[in-house]
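# Fold and geometry: a report
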Amino acid sequence: MNLLFDCHTHLVEPHHISGHFLADAKKAWGESFRLSSTPEEHRKANEGCTGAIVLALDAPAVGFNVPNEWVAQYTAENPTRLFGFASVDPNRDSPERLLEAAVKELHLKGLKLAPIYQDFHPLDRICYPLYAKAQELKLPIMWHQGTSFVHKGPLEKSRPVYLDPVARSFPDLKMIIAHMGHPWMGETISVVRKNPNVFTDISALASRPWQMYNALVEAVEYGIEDKLLFGTDFPFFTVERTVESLRNINLAVDGTNLPRVPERVIEKILHKNTPELLGLV
Ligand SMILES: [Zn+2]
């Protein structure tokens, strides 16, 4: 049975991104780099999946604003397959009230937070009412808790280990650390291992196969393979490219005595009932 579910996608229009954000992206990834896609491209990209999570982003600090309404309008087309996640900048007044409104009025199913883009520290007490609201409303939080190419983004607020106290304070709040918290995979794995409510996704790692290989070997050694979720970070990466990179993960160590990522682990990542795990259905 096909259980391939893309837990990490974006639907970005060109005007959602500021010029300086785009300039930083192109500096890191080259002139041809694209951050935006049309709804039609998004629809087509996840045809082979059982469904996808689509993320809003409220990040005025770096000039990246994908409105909750935009995501809600798109995901409403197909509510059994598409799950929209709201985004609220914790620096706004009463962010918990904004989240509640997004969920009740727009039927969004989770919360996207990104300290490196929204310029907040996860352990700042101003954020705790927002976490409490997400837990109360049974909304999983997708965290971009890792590095970024954005010059203005504060790395000092972006380490995965800061999510450990949040996970312990809110044991019923499900959280996903995107991109395995790259390049701090070890921190991510230690947070995921000890907190039953924390998961991590493998999205966007396809461009760095050696890093991805090492992260997956480490994840297996620590026994967190059941909590590795499949995601692409579309439009940056596609389902095809991500599946291919997973299936080819051991190529770099062929003919050596280095450990291999077991086939059963790769299959587990590709066949997981993520909506059920995250309480979305
Ligand atoms: Zn992303």
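Residues numbered from 1 in each chain as written. Predicted model: local features only at pLDDT ≥ 70, side-chain atom pairs only at ≥ 80, totals over all residues.

### Some details on the overall build of the chain
When helices and strands are counted, the chain shows 12 helices and 10 strands. Here the chain has a C-alpha radius of gyration of 18 Å; the compact-globule value for 281 residues is 19 Å, and the two agree. Referenced to the eigenvectors of the C-alpha coordinate spread, the extents of the chain come out at roughly 55 × 40 × 40 Å. Sequence separation of 24 or more characterises 77% of the internal contacts of the chain that already satisfy a separation of 6 or more. (Helix = DSSP H or I, 4+ residues; strand = E, 2+ residues; numbered from the N terminus. Rg over C-alpha atoms; globule rule 2.2 N^0.38 Å. Contact = placed C-beta atoms within 7 Å.)

### Digging into the sheet that holds strand β9 (residues 198–201)
What holds strands together in a sheet is hydrogen bonding between their backbones, with the strands either parallel or antiparallel. Taken in spatial order, the 8 strands of this open sheet run β1-β2-β5-β6-β7-β8-β9-β10, and their pairing is parallel. In this open sheet, the two strands that pair with only one neighbour each are β1 (5–10) and β10 (228–229). In terms of strand pairing, β1 meets strand β2 (residues 51–55) through 4 bridges, oriented parallel. Across the sheet, H10 pairs through a bridge with L55, a residue of β2. (Pairing = 2+ DSSP bridges.)

### Quick notes on unusual backbone geometry
Note that the residue after H182, namely P183, is joined by a cis bond; omega there is 5 degrees. Here P183 lies in the loop between β8 (175–177) and α8 (185–194). Of note, the amide linkage connecting F234 to P235 takes the cis form, showing an omega dihedral of 10 degrees. Along the chain, the position of P235 falls in the loop between β10 and α10 (239–247). The residue D119 is not glycine, and still its phi comes out positive at about 55 degrees. With respect to the helices and strands, the residue D119 is situated in the loop between α5 (115–118) and α6 (128–136). For A204, which is not a glycine, the phi torsion comes out positive at approximately 70 degrees.

### Notes on the nonpolar core
Ranked by internal contacts, the top residues of the largest apolar core, which has 79 residues, are F85 and I177. With residues up to four places along the chain from it excluded, the contact list for F85 reads I53, V54, L55, A56, L108, K109, G110, L111, K112 and M142. (Core = buried A, V, L, I, M, F, W, Y, C linked by C-beta atoms within 7 Å. Buried ≥ 20, exposed ≤ 12 C-beta atoms within 10 Å, placed from the backbone.)

### What about the pairing of β2?
A large share of β2 lies buried, amounting to 5 of its 5 residues. For β2 and strand β5 (residues 82–87), the ladder comprises 4 bridges, and the chain directions are parallel. Across the sheet, residue I53 finds its bridge partner in β5, namely F83.

### Remarks on helix α4 (residues 95–106)
With 12 residues, α4 should reach 16 Å at 1.5 Å per residue; the first-to-last C-alpha distance of 16 Å fits that figure. Among all positions in α4, only P95, L98, L99, A102, V103 and L106 are buried. For α4, the angular spread of the buried residues around the axis is 130 degrees, confining them to a single face. In α4, the exposed positions angled more than 90 degrees off the buried face are occupied by K104 and E105. (Expected span 1.5 Å × (residues − 1). Arc of directions from axis to C-beta.)

### Structural notes on helix α3 (residues 68–75)
Considered for burial, the residues of α3 that qualify are N68, V71, A72 and T75. For α3, the angular spread of the buried residues around the axis is 100 degrees, confining them to a single face. Each element contacted by the buried residues of α3 is listed here: β2, β4 (64–66), β5 and α4.

### Considerations on the environment of L108
Checked against the element boundaries, L108 lands in the loop between α4 and β6 (110–113). Separated by 36 residues in the primary sequence, L108 and A72 place their C-alpha atoms 6.4 Å from one another. Once you skip the residues sitting within four places of it in the chain, L108 turns out to touch N68, V71, A72, G84, F85, A86, A102 and V103.

### Concerning the packing of α8 against helix α9 (residues 209–221)
In contact at an axis separation of 10 Å, α8 and α9 are set at 25 degrees when each is read in the N-to-C sense. Considering their axes alone, α8 and α9 lie roughly parallel with respect to each other. Where α8 crosses over α9, the two elements pack in a sense that is right-handed. Every residue of α9 that contacts α8 at M185, G186 and I189 is listed here: A215, E218 and A219. Grouping the constituent residues of the contact of α8 with α9 by class yields 4 nonpolar, 1 polar and 1 charged. (Axes fitted to C-alpha atoms, helices over the stretch in contact; angles between N-to-C directions. Parallel < 35°, antiparallel > 145°, perpendicular 65-115°, else oblique. Left-handed = near helix turned anticlockwise from the far one by under 90°. Nonpolar A, V, L, I, M, F, W, Y, C, P; charged D, E, K, R; others polar.)

### Considerations on the packing of α10 against helix α11 (residues 263–270)
Packing of α10 against α11 brings their axes to within 10 Å, and their N-to-C directions diverge by 160 degrees. Taken together, α10 and α11 sit at an angle that is classed as roughly antiparallel. Crossing of α10 against α11: the hand is right-handed. Here V243, L246 and R247 of α10 lie close against α11, whose contacting residues are I266, I269 and L270. Class assignment for the residues of the contact of α10 with α11 results in 5 nonpolar, no polar and 1 charged.

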